[in-house]
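So the chains spell out like this:
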Amino acid sequence: MLKATLRSFLAHKGRLLLSALAVVLSVAFVAGSLIFSDTVTRTFDRLFASTAADVTVEPKDDLNSNVPSGAVQTVPAALAGQVARVDGVASAHADVSVENITVVDSDHKSVGPTTGAPTIATDWYVTHRSPVKLTSGHAPQGAGQAMLDADTADKKNVKIGDTLTVMAQPGSFDVEIVGIATFTTTNPGAALVFLDPKVAATELLGSADKATSISVDAAPGVSDAVLKDRVSAALGSGPYDVKTADEQAKSSAASLGGFLDVIKYVMLGFAGIAVLVGVFLIVNTFSMLIAQRTRELGLLRALGADRRQVRRSVLTEAVLLGLVGSTLGLAAGIGLAAGLIRLMSAFGMNLKTTEMVVGWGTPVAAYVVGVGVTFVAAYLPARRAATVSPMAALADADIAGVGRPMKVRAIVGAVVGALGAAALLGCATASKTASAASLLGLGVVLTLIATVIAGPLLVRPVIRVLGGAFPALFGPVGRMSQRNALRNPRRTGATAAALMVGLALVGGMSVASASMSKSFDEQIDKTLGADYVIQNANFTPFSQEVTNAVRATDGVGLVVRQRFAPLAVRLPDGKRVETTASGYDDRLDDVAHVTYAQGDSAAALADGAIGMDVDFAKDHGVKLGSVLPVEFPGDRTTSLKVGALTDQDASEGFGMEGGLFLGMGTVEKYVPGGQDSALYVNATPGTSAEQLRPRLEKTLDAYPQVQVRDQADYKKLVHDQIAVLLYLVYALLGLAIVIAVLGVVNTLALSVVERTREIGLLRAIGLGRRQLRRMIRLESVVIAVFGAVLGLALGLIWGVCIQQVLALQGMKALAVPWGTIVAVVIGSAVVGVVAALLPALRASRMNVLAAIAHE
C-alpha cells in the first residue's frame, strides 16, 4: 500500500501542484510574520538593553502618557545631584529628551520622518551606551548649535553649516548644524537633533532646572537591583518611577509592541484567509482525484486492501502534500520576511537581513499549519474513498457525488443557517455594543459555515438563472456549459466557496466603510460650525507661537483653542475611569453645534466645572451638579462639578470615554505646559471664509506641520483614513482571489481530464476547438459569478449588521456602495475567463481519437 500510495502521489503531482500553492501561501504568511516580528523584537531588545542606564529615574506615569496634551512630564534637574550622593552610584546625569518638536529647514520644509516615527531633540551626552557616534564636524557648543543624525541628514539633504529651526514647546529657535552623528546600532526610524547639554533644558523645557529623566551608573560590584532599592529609598515617596536597565528596556519594548502587533496580526490575517480558502481548494482537489480513481480504489479493495488501508493511503498523500507545501512555504516565508525588512528600511527603520531570527517556533508553526490544513481538508475525501466498493473496479462507476441525495447537508445547513440568522438578528436589535459585537461575530461564522454547507443546494436554482441567457447567446455551446456547471453541485459549490469567502469579506467591509463615511459626513455637517480648523497633520499639539500667529492674521475673528488632558475621574458607582478630556475656550457654541440634555456650554466650561456625555453619566450614577474627584498628571487632584450633560452621538463626543470636556482655564491650571491640539477659527465680520483661507495658509507657511481644514477637508481626511482599512480588505480579497483562481483552474483542469472521452466524442461529431474553449470559459464564468453572488449577498447582510453595531457608537447612516458591488460581479466574470484559459487550451489540443479511446 505504501508503494502504491507513493506512486499515486508522484503520478498526480501535476494535479496536486495547485493545491500545494495554497499551502505554500498560507505557510509563507505565517512563517514570514513570525520571522519578521521575532527579528524586529530581538533587534530592538538589543538596542534598548544596550542603551538603557543601569538605573533610570523618570516622572511617575500614573496616567496615560500617550495622550497628546503637549505637556512634557519632568523631574527637577537637581535630583541628579541628590542621586549622585547615594551609596553605590558612580555617576548621575540629568537627561533632556523631548518628542513634541518640529524641525524645519530654511525653505520651511519639515526635517523629520514622514512615517509616524518621532523627531527627538536631546542633549549631547556621550557614554558607552550612546547609540550614535560623532562622525563629522564637532559637538554642539552653546546656544545656536546642534548636531543631526546621518540618516536624516542624507534623506533631507542637510549639510554642516545649514540652519534649521526647532519648534519646541517654549518656542522656536534657530540652530546651525555643526556635526553629524551616525547610528552604531539599529536606527529605529526617528530623526535626532542633539543640543549642548548646558542649553538643552532651557530651549526644550523652558527652564534649566528641569530634566526629563535621570540616568544613573552603578559603581563596580553594585547590581542594578540593589542600586534601584537604594535610589528609591533616597527619593522616598516622591512622584518618580525608578527602573533598572532590564525594566527600562522592557518598558521601551512594550511601547513598540503595539506597532509590531499590528504588522504581525495583519500578516496572520492574510495567513488565515489563505488557510480558509485553501481548505476548499484541497477538499475539492482530493474529492475529484478520488472520483477519478474510483476504479483504481475498487481494484485495490478487490485485491485485499481494507477500508482503513485505503483511507490511510489518501491521508498519506495529503501529508506528503502538506510536507512539500510547508517546506516551500517556509522558504517563501523567509523571503517574505527579508522583503519586509527591506521595506522597513525604506521607511527609515534600518534592520539587517543578516540578523534575521528564525526561532524554533517558526518551522514548528509552519509544518503544523501546512500539514494540519491538508490533513484536515483531505479527511472527508479520504473517508469517502474508503467506502468505494470492490465491485467499482468491474464497472464504469459514477462520478462520486453525482446524484447522491443531499438531505443531511440540507438539514445541517438549515439548522446552522437558522442559528446564524438568529445571532445576526440579535446583533441588529441589541442595545449594548459589546453584546452586539459578540453576536455579530457568532452570526458571521455560522452564516459562512451554513452557506458553505448549503452551497451545493443553491447551485441548480442560481446557476439556472445566471446561465439562463447562455443558450440564447451562445447556442448549444452555452447550453452545454451551463449543464456542465450543474452536473456536479458539490464540486461547483466547493469551487465557488473559495471565491465566496473573499467577496463576502469585501462586501461586508465595503458597506461598513461606506456607512462610516456617510455617518461622519453627516456629523461633520451637523457639529462643525467654525470656518476653519487649524491642526497638525498627525493631530499632535503645536507650539503657542502657532496660536499667536493665527490670531494675528488679518481677517481672523474668533479663535477657540482645543487642548487634551489625561485624567482619572472617580464616579459615584465606585469606579475609577482613566480617560482623556478636551479643554476649550469660551464661545465654544460659536464654532461647534453642541446638543445638551442638561446645562449649557457656559456652565460646563466654567472654572471648577466639567461636562460629560449623558449616557456615560447615567451608566455611572452621575447627575447634573454632582461633584467628582478628578486626578491629573503629576499627582494634581481636585473636585469638579458636573455643569452640563451632552446628548451628542458617541462619535461626535468631545473626548474619549465619557465625552468629558473642561474650560481652558481648568486645563491650564492642572496640566501646565500643555499645547493646543486644534484651533477653531471664524473670519471677522466683513471678511469671507474664502478670503481668509489664503491668508491663513500664508501665515502657516513657516509651520509645515500645521494644516488649514474646512468641512470638505475634514470629510476627505476621514474618507482617506477609512480607505486605509478598506485597502487592507482589498489586499485580503486579492489573496483570496489568487487562491480561488487556482481552485477554479484546478477544478476545470481535473474536470477536463475526467471528461476526456466526452470531449473526444464532442469533437468527433463536429464541435470545433474554438467552441470547446468557449464552452469551458463559460462554465468557469458561471461558477465564478455564482461564487460572487453568494459572497456579495452574504457580505451585504454582514455589512448591514456591522452598521447596526456602528449605530450604537453614533454612526447611524447606512450606505451601500452599489458601484463597488457591480464592479466586483464584473470582475468575477473576468476572473472566470482568466482561470479557464489554460484548461480550455489543454482541452482544445487533445487528440480526438486518443480522447475517445481514453478509459
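Computed from a prediction, not measured in an experiment: that's the story for all the values here.

## Some remarks on the overall build of the chain
On a plain count of helices and strands, the chain comes out with 25 helices and 24 strands. Taking the principal axes of its C-alpha atoms as reference, the chain extends roughly 95 × 65 × 55 Å. Counting only residues that meet the buried cut, the chain has 52% of its 855 residues in that class. Sequence-distant contacts, at least 24 apart, represent 83% of the contacts inside the chain between residues at least 6 apart. Summed over all atoms, the accessible surface of the chain reaches about 36900 Å², with 59% contributed by carbon and sulfur. Here the chain contributes 74 positively and 69 negatively charged side chains, and the mean placements of these two sets differ by 20 Å.

## Here we look at the sheet that holds strand E14 (residues 240-244)
One open sheet accounts for 4 strands, arranged E3-E13-E1-E14; its pairing is antiparallel. The strands lining the two open edges of the sheet, one partner per strand, are strand E3 (89-95) and E14. Each strand of the sheet is rotated relative to its neighbour by a mean of 20°, with strand direction disregarded. Note: strand E1 (residues 55-59) against E14, 5 bridges, orientation antiparallel. Paired with Glu58 across the strands is Asp241, a residue of E14. Helix H6 (residues 224-235) contacts E1, E3, strand E13 (213-218) and E14 of the sheet and is inclined by roughly 165° relative to E14.

## What about the pairing of strand E11 (residues 191-195)?
Looking down a regular strand, the side chains alternate between one sheet face and the other. Of all 5 residues that make up E11, 5 are buried, and the element is covered over most of its length. On E11, burial covers both faces: Ala191, Val193 and Leu195 on one face and Leu192 and Phe194 on the other are all buried. The sheet contact formed by strand E6 (residues 119-123) and E11 spans 5 bridges and is parallel. Within E11, the residue paired with Thr119 across the bridge is Ala191. With 3 bridges connecting them, strand E8 (residues 145-149) and E11 associate as antiparallel partners. Paired with Leu148 across the strands is Val193, a residue of E11.

## Thoughts on the packing of aromatic side chains
Evaluation of the coordinates by the stated rule reveals 3 aromatic pairs. For the ring pair Trp124 and Phe194, a centre distance of 5.1 Å and an interplane angle of 80° mean the geometry is edge-to-face. Residue Trp124 is located in the loop between E6 and strand E7 (132-137), and its partner Phe194 is located in strand E11; the two are separated by 70 residues in the primary sequence. A relative accessible area of 14% means that Trp124 is categorised as buried.

## Quick notes on unusual backbone geometry
You will see that His108, though not glycine, has its phi angle at about 65°, which is positive. Within the element layout of this structure, His108 appears in the loop between strand E5 (102-104) and E6. On the accessibility criterion, His108 (38% relative accessible area) is partly exposed.

## Description of the pattern of salt bridges
This model, assessed by the stated rule, comprises 19 salt bridges. Glu58 serves as the salt-bridge partner of Lys243, at 3.5 Å between the closest nitrogen and oxygen. Here Lys243, found in strand E14, pairs with Glu58, found in strand E1; they are 185 residues apart in sequence, far enough to count as distant. When sorted by exposure, Lys243 lands in the same class as Glu58, which is buried. With a shortest N-O distance of 2.9 Å, Glu758 and Arg487 are connected by a salt bridge. One end of the pair, Glu758, is in helix H22 (residues 756-764); the other, Arg487, is in helix H14 (residues 476-487), and 271 residues separate them in sequence. Of the residues examined, Glu758 reaches a relative accessible area of 26% and is grouped as partly exposed. Through salt bridges with shared partners, one network takes in Arg561, Arg563, Asp585, Glu668 and Asp676.

## Examining the confidence of the model for the chain
Averaged over every residue, the pLDDT of the chain is 83; residues scoring 70 or more account for 92%. Contacts from residues 396-403, a stretch scored under 50 in pLDDT, to residues over four places away or in other chains number 15 contacts. Scored below 50 in pLDDT, residues 651-655 makes 20 contacts in the model with residues more than four places away or belonging to other chains.

## So, the state of the cysteines
Should the sulfur atoms of two cysteines be covalently bonded, the bond is a disulfide. With the rule as written, the count across this model stands at 0 disulfides. Cys427 takes part in no disulfide bond, and the closest cysteine sulfur, belonging to Cys801, lies 5.0 Å away.

## Thoughts on the packing of helix H11 (residues 407-429) against helix H23 (residues 769-807)
The geometry of H11 relative to H23 is characterised by a closest axis approach of 8 Å and an angle of 30° between their N-to-C directions. With respect to the hand of their crossing, H11 and H23 are arranged in left-handed fashion. Residues Leu424, Cys427 and Ala428 of H11 lie in contact with H23, whose contacting residues are Ile797, Trp798, Cys801, Gln804 and Val805. Class assignment of the residues belonging to the contact of H11 with H23 gives a composition of 7 nonpolar, 1 polar and no charged.

## Details of a nonpolar patch on the surface
Together, Val822, Ile826, Val830, Val833, Val834 and Leu837 make up an exposed nonpolar region whose accessible area comes to about 500 Å². Within the element layout of this structure, Val822 appears in helix H24 (residues 818-844).

Scoring rules and cut-offs
Residues numbered from 1 in each chain as written. Predicted model: local features only at pLDDT ≥ 70, side-chain atom pairs only at ≥ 80, totals over all residues. Heavy atoms only, no water. Helix = DSSP H or I, 4+ residues; strand = E, 2+ residues; numbered from the N terminus. Buried < 20%, exposed > 50% of the residue type's maximum accessible area, 1.4 Å probe, protein only. Contact = heavy atoms within 4.5 Å. Areas by Shrake-Rupley, 256 points an atom, 1.4 Å probe, with all protein chains shown as cover. Lys, Arg positive; Asp, Glu negative; His and termini not counted. Charge placed at Lys NZ, Arg CZ, Asp CG, Glu CD. Pairing = 2+ DSSP bridges. Axes fitted to C-alpha atoms, helices over the stretch in contact; angles between N-to-C directions. Phe/Tyr/Trp six-rings, centres within 6.5 Å; stacked < 30°, edge-to-face > 60°. Salt bridge = Lys/Arg side-chain N within 4 Å of Asp/Glu carboxyl O. pLDDT = per-residue confidence, 0-100. Disulfide = S-S within 2.5 Å. Left-handed = near helix turned anticlockwise from the far one by under 90°. Nonpolar A, V, L, I, M, F, W, Y, C, P; charged D, E, K, R; others polar. Patch = residues over 30% accessible without salt bridge, like charges linked within 9 Å, V, L, I, M, F, W, Y side chains within 5 Å.

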